[in-house]
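Structural features, examined
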Amino acid sequence: MEQVQRRLSELMEDPEPVMQQVVRVFIGEGTYCPGFQFLAGGLVHPTVLDLFQRAMALKIPHNHFTAWMVSPSAVLSGARPVDLLEGGSAALFKALEALGRK
């Protein structure tokens with residue numbers, strides 16, 4: 001978490017609004033920010049940001065969203081959502097909606 005905040009502080013004057021939007025994973029007492037959500041320059045991937053906002057509206061917990069992002073999905077013909085981030089978001093949103101109905 002601190003590493004992400006430091007990196008964002010290098011890129012922008014006030015990283016707090018971005019920090020409030022990043023995906024977090026909670027393991028024991030630790031809080032982590034999965035790397036799949038960041039572009040090479042350190043900014044948050046816009047598709048991940050949009051998907052995560054929708055996941056929060058669907059009340060999908062952070063950890064479940066993260067597991068979904070990195071797991072093969074039957075709705076996506078066995079592909080992992082993280083592997084489809086550059087190919088358009090319509091299929092990803094459809095798959096996320098299916099997750100939200102479970």
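Scope of this entry: the structure provided in the associated data block.

Cut-offs used in this document
Residues numbered from 1 in each chain as written. Predicted model: local features only at pLDDT ≥ 70, side-chain atom pairs only at ≥ 80, totals over all residues. Heavy atoms only, no water. Helix = DSSP H or I, 4+ residues; strand = E, 2+ residues; numbered from the N terminus. Expected span 1.5 Å × (residues − 1). Buried < 20%, exposed > 50% of the residue type's maximum accessible area, 1.4 Å probe, protein only. Polar contact = N/O pair within 3.5 Å; in protein donor to acceptor, adjacent residues only side chain to side chain. Contact = heavy atoms within 4.5 Å. Core = buried A, V, L, I, M, F, W, Y, C linked by side-chain atoms within 4.5 Å. Salt bridge = Lys/Arg side-chain N within 4 Å of Asp/Glu carboxyl O.

Given a rise of 1.5 Å per residue, 12 residues ought to cover 16 Å, and the 17 Å separating the end C-alpha atoms of helix α3 (residues 46-57) matches this to within 8%. Restricting attention to buried positions, one finds in α3 the residues Thr47, Val48, Leu49, Leu51, Phe52 and Ala55. Lys59 sits one or two residues past α3 and shows a positive phi near 65 degrees.

Following the sequence through the fold, His45 ends up in the loop between β2 (30-32) and α3. Overall, the relative accessible area of 6% leaves His45 in the buried class. In this structure the side chain of His45 is engaged in a polar contact, spanning 2.7 Å, whose partner is the side chain of Glu86. For His45, the residues in contact, after removing those within four places along its chain, are Gln37, Phe38, Leu39, Leu85 and Glu86.

Let's shift gears to the environment of Ala55. Relative to the helices and strands, Ala55 is located in helix α3. In this structure Ala55 comes out as buried when scored by relative accessible area, which is 0%. For the pair Ala55 and Glu97, spaced 42 residues apart in sequence, the C-alpha to C-alpha distance is 8.2 Å.

The subject of this paragraph is the nonpolar core. Leu51, Phe65, Met69, Leu85 and Leu96 are the most contacted members of the largest nonpolar core, which has 16 residues in total. At the level of elements, α3, α4 (62-69) and α5 (90-101) are the ones that each hand at least two residues to this core. For this core, the element with the most residues is α3, which contributes 4 residues. Once residues lying within four places of it in the same chain are set aside, the contact partners of Met69 are Phe36, Val48, Leu51, Arg80, Pro81, Val82 and Leu85. Counting 8 residues, the second largest nonpolar core, distinct from the first, contains Val4, Val18, Met19 and Val44.

Here we take up the side chain of Thr66. Within the secondary structure, Thr66 sits in helix α4. For Thr66, a relative accessible area of 11% gives the class buried. Ignoring any residue separated from it by four or fewer positions in sequence, one finds Thr66 in contact with Val23, Arg24, Val25, Pro34 and Phe36.

This part is about the pattern of salt bridges. Applying the stated criterion to the full structure yields 3 salt bridges. Of the charged contacts, one joins Glu10 and Arg7 as a salt bridge, the two residues approaching to 3.0 Å between their closest N and O atoms. Taken together, the residues span about one helical turn, with Glu10 and Arg7 both in helix α1 (residues 2-11) at a distance of 3 residues. With relative accessibility at 58%, the residue Glu10 sits in the exposed group. One salt bridge in this structure joins Arg54 and Glu97, with 2.6 Å as the shortest N-O distance. With a gap of 43 residues between them, Arg54 in helix α3 and Glu97 in helix α5 connect regions that are remote in the sequence. On the basis of relative accessibility, which here comes to 30%, the residue Arg54 falls in the partly exposed class. Using a relative accessible area of 25% as the deciding quantity, one classes Glu97 as partly exposed.

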